[in-house]
Amino acid sequence: MSLVLDAAAQDLLFREARTANTFTDEPVTDEQVQAIYDLVKYGPTAFNQSPLRVVLVRSAEARERLVKHMAEGNQPKTATAPLVAILAADNEFHEELPALFPHFPQAKDMFFAERPAREQSALLNAALQAAYFIVGVRAAGLAAGPMTGVDFAGVQKEFLDDDHTPLMVVNIGKPGDDAWFPRSPRLEFDEVIKTV
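Worth saying up front: this structure is predicted, and the values here are computed from it rather than measured. (Residues numbered from 1 in each chain as written. Predicted model: local features only at pLDDT ≥ 70, side-chain atom pairs only at ≥ 80, totals over all residues. Heavy atoms only, no water.)

Colleague: What exactly am I supposed to notice about the packing of aromatic side chains here?
Modeller: The description of an aromatic ring pair rests on the distance of the ring centres and on the angle between the ring planes. Considering all chains together, one arrives at 7 aromatic pairs under this definition. Relative to F111, the ring of F47 lies with its centre 5.0 Å away and its plane at 40°, an arrangement referred to as tilted. With F47 in the loop between α2 (30–40) and β1 (52–57) and F111 in helix α6 (residues 107–112), the pair connects residues that are 64 residues apart, well separated along the chain. Plain terms: the ring middles of F47 and F112 are 5.4 Å apart, the flat faces sit at 90° to each other, and that makes the pair edge-to-face. Of this pair, F47 sits in the loop between α2 and β1 while F112 sits in helix α6; the two residues are 65 residues apart in sequence, bridging distant segments of the chain. Look at F112 and you get buried, because its relative accessible area is 5%. Taken together, the ring pairs in this structure connect F47, F93, F101, F104, F111 and F112 into an aromatic cluster. (Phe/Tyr/Trp six-rings, centres within 6.5 Å; stacked < 30°, edge-to-face > 60°. Helix = DSSP H or I, 4+ residues; strand = E, 2+ residues; numbered from the N terminus. Buried < 20%, exposed > 50% of the residue type's maximum accessible area, 1.4 Å probe, protein only.)

Colleague: How should I be thinking about the pattern of salt bridges in this particular structure?
Modeller: Where charged atoms from two side chains of opposite charge come close, those side chains can pair. Inspection of every chain in the model, using the stated rule, returns 12 salt bridges. Salt-bridge contacts for D30 lead to R58; the nearest nitrogen and oxygen are separated by 3.0 Å. Highlighted residues: D30 in helix α2 and R58 in the loop between β1 and α3 (60–67), separated in sequence by 28 residues. Using a relative accessible area of 37% as the deciding quantity, one classes R58 as partly exposed. A salt bridge links E92 to R118; the nearest nitrogen and oxygen atoms lie 2.9 Å apart. Of this pair, E92 sits in the loop between β2 (83–90) and α5 (97–100) while R118 is found in helix α7 (residues 115–139), placing the two residues 26 residues apart along the sequence. Of the two residues, E92 and R118, neither departs from the other in class, the shared state being buried. Each of E92, R115, R118, E119 and D163 takes part in a single network of salt bridges with overlapping partners. (Salt bridge = Lys/Arg side-chain N within 4 Å of Asp/Glu carboxyl O.)

Geometric descriptors of this kind do not, in isolation, establish any biological role.
Have a look at this one:
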C-alpha cells in the first residue's frame, strides 16, 4: 500500500465510513465539536479565506424550526440526531482576509471587492471546508449525515442572514440501529483518472 495513513485510520475516515441515517441518543459535546474544528480548520482554501460558518442546532425550539425546512424524508433524522449543524458560506469572508492572508493584504480589494466574485469563491471554498468537516466528524469517532434535501431559503431566513448562504445540514452522532443504507457503487480509477 502506498499510503502513509494506517489501515484502521483509512477505514475510519473513508472505507468503512458511511452516511448515517439513525443515531443513538448519546450526546455530542461542545468539546467534541471544538476538537473537530481544531483539526479541520487546517484544510486549504483559496487565499486561506476560510468562508465556512457553522450553526449548531441544540435547543428543542431551534430543532423544531429547522425540521420544518427539511425534506419530508429527512425530517425524522434531523429531529432525532444528537446534534445538527447548518453549514453555510460567509459571503463577506473578505473582511477577515487581512488577518488570514497577512502577506498579501491587497487581496481583499483586488480580488473580492465585488459581491459576485465573493459569492462564487465562498461557495467553492466553503464546500471544500464542509467536506473537511465531515471527515473531521469521522475522525472524532462519530458519524455524519449530510443532507441537501432542505428548503435553503427557509433555513437562510430562519437561522442566517443575507450574507450567509446555506450549503447543507449535517446530522451528527454515534450511529444507531440500521444506520446504513447498502454501500453504493463507486467509479473505478480508470473511469476517473486520465494522464496527459
